[in-house]
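Now for the letters of each chain:
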Amino acid sequence: MSGFAGAEPEILRLRNTNRDSPETLEYLRWRYHTAPGCPPPVVCWLHAPGGERIGMAAAIFRAYRFGDERVPTAVIGDISLDARWRGRGLGERLLRHLSEHLDEHHPRCPCLVIPTDSARRSLAAAGWVTGGELLPMVYLSDVGPYLKPLVRSARLASFLARPLRRFAGRRLQRLAPPAGTLELADVPPERVVDSPWGGEAAMVRDLSGETLHWRYVRHPRMRFRFAAFREAGAARGLAVFEDHAAAGYWIIYDLRAATAADLRATLALLLERARATPRLSSVRVLLSGSHPAHEVLRQLGYIARPAEAVYQVHSRDGSAERRPWYLTQGDKDT
């Protein structure tokens, strides 16, 4: 076991050897940032008989909330095993050792991972439980690009899309708030609603100002925008999204609102902006199956798609397995 400091070159080497897209040391330093009030990262190593490091898995602690309680949570990532040593059960051994270490040294910290398929099997064998699915949903702000391959004519696709676009626009107008404004910015608002709506206590990632600045403003290679819904001068809702308008889509990474009505207002105004953005055809979002935003998204016209991934949880006292988790794209921590 080790920390991050001093192990950066080996972490980068193993990670890049086992990934299609290499990363930089700048990215690793951002990713392994120690959140306020959380323990420093823990890296578990797997050694070959000669001492060479051939595998690793990291636990990076992030602040989550369960009701009013702030809960440091071990988010597992950078699971890597040299290709020469795969198929021998070493991945399961590595993850079991990391789990046992966390149980012993951080018994009050629940653990979370959004795994690849191969890691999912090793984690399950090491005792981790699948908490639920991650479900993608998409809002088609312009269906024309999706109709074009079917009708083989851009002009006909545009013609067929017009009534659907008018219908969707009228739906958003009905659901948009009678008062309030949506402000777009490159930095988060000073005050953010940091608790989910719905009444049920659930595991939700902390979205304090410090967390938002680290996760989104200081990201070394991705750029995000903040859409804040304000009513009577108060911030009532927030959506954080990555702008890929040049490629035809936005991706919403985080959602937070005081109530379901505030979330509906936030997204209705954001989707109206999307419809007015040239070349933008869709606004995408990824949510855990238990997330209460699903109903609001359906009301706005979002279409559910097949599950994209699962999340797994582990804890010494079983609390992580019993609690609902409200997860979004932002929980991927990449």
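All values reported here derive from a predicted model rather than from experimental measurement.

1. Some remarks on empty space enclosed by the protein
Moving on, step 1. Considering all chains together, one arrives at three cavities of 30 Å³ or more under this definition.
Moving on, step 2. Estimated volume of the largest cavity: approximately 120 Å³.
Moving on, step 3. The set of elements that each furnish at least two residues to the lining of the largest cavity consists of strand 2 (53-66) and helix 7 (209-217).
Moving on, step 4. In terms of residue class, the lining of the largest cavity is built from five nonpolar, three polar and six charged.

2. Let's talk about the nonpolar core
Within soluble globular proteins, side chains that are nonpolar generally end up buried alongside one another.
Moving on, step 1. Counting residues in each nonpolar core, the largest one holds 31 residues, and the members touching the most others are Ile252, Leu255, Leu270, Val283 and Tyr302.
Moving on, step 2. Listing elements by their share of this core, those giving two or more residues are strand 5 (129-140), strand 8 (224-231), strand 9 (234-244), strand 10 (249-257), helix 8 (260-275), strand 11 (282-288) and helix 9 (293-300).
Moving on, step 3. With eight residues, the top contributor of residues to this core is helix 8.
Moving on, step 4. If we ignore the near neighbours within four places in the chain, the residues touching Ile252 are Val240, Phe241, Leu267, Leu270, Val283, Arg284, Val285, Tyr302 and Gln329.
Moving on, step 5. Formed by 27 residues, the second largest nonpolar core is a distinct cluster that contains Leu46, Ile54, Ala63 and Leu123.

3. A look at the side chain of Asp331
Moving on, step 1. Structurally, the position occupied by Asp331 is in the segment after strand 14 (325-326).
Moving on, step 2. Look at Asp331 and you get buried, because its relative accessible area is 4%.
Moving on, step 3. Within the structure, the side chain of Asp331 is placed 2.6 Å from the side chain of Tyr64, a separation counted as a polar contact.
Moving on, step 4. For Asp331, the side chain forms a polar contact with the main-chain nitrogen of Thr328, separated by 2.8 Å.
Moving on, step 5. Contacts of Asp331, omitting those with residues within four sequence positions, involve Tyr64, Ile114, Arg205 and Tyr326.

4. Focus: the pairing of strand 3 (residues 69-81)
Moving on, step 1. Most of strand 3 sits inside the fold, with 10 of its 13 residues counted as buried.
Moving on, step 2. As paired elements, strand 2 and strand 3 share 11 bridges and run antiparallel to each other. Paired with Met56 across the bridge in strand 3 is Ser80.
Moving on, step 3. Taking the residues between adjacent antiparallel strands as the criterion, strand 2 and strand 3 are bridged by two residues, where Gly67 takes a positive phi near 65 degrees.
Moving on, step 4. Pairing analysis gives two bridges linking strand 3 to strand 4 (residues 111-113), with the strands arranged parallel. Within strand 4, the residue paired with Ala74 across the bridge is Cys111.
Moving on, step 5. Remark: the strand 3/helix 3 (residues 90-105)/strand 4 crossover connection has right-handed handedness.

5. Section: the packing of helix 8 against helix 9
Moving on, step 1. Helix 9 packs onto helix 8 with a crossing angle of 40 degrees between their chain directions and a minimal axis gap of 10 Å. Classified by the angle between their axes, helix 8 and helix 9 sit oblique to one another. In terms of crossing hand, the pair formed by helix 8 and helix 9 is right-handed. Contacts between helix 8 and helix 9 involve Ala260, Leu263, Arg264, Leu267, Ala268 and Leu271 on the former and, on the latter, Ala293, Val296, Leu297, Gln299 and Leu300.

Cut-off values and rules
Residues numbered from 1 in each chain as written. Predicted model: local features only at pLDDT ≥ 70, side-chain atom pairs only at ≥ 80, totals over all residues. Heavy atoms only, no water. 1 Å grid on protein atoms, 1.4 Å probe; cavity = no way out; pocket = protein on both sides within 12 Å on 5 of 7 lines; lining within 4 Å. Points joined across faces, edges and corners; volume = space filled by probe spheres on them. Helix = DSSP H or I, 4+ residues; strand = E, 2+ residues; numbered from the N terminus. Nonpolar A, V, L, I, M, F, W, Y, C, P; charged D, E, K, R; others polar. Core = buried A, V, L, I, M, F, W, Y, C linked by side-chain atoms within 4.5 Å. Buried < 20%, exposed > 50% of the residue type's maximum accessible area, 1.4 Å probe, protein only. Contact = heavy atoms within 4.5 Å. Polar contact = N/O pair within 3.5 Å; in protein donor to acceptor, adjacent residues only side chain to side chain. Pairing = 2+ DSSP bridges. Right-handed = clockwise from strand over helix to strand, strands pointing away. Axes fitted to C-alpha atoms, helices over the stretch in contact; angles between N-to-C directions. Parallel < 35°, antiparallel > 145°, perpendicular 65-115°, else oblique. Left-handed = near helix turned anticlockwise from the far one by under 90°.

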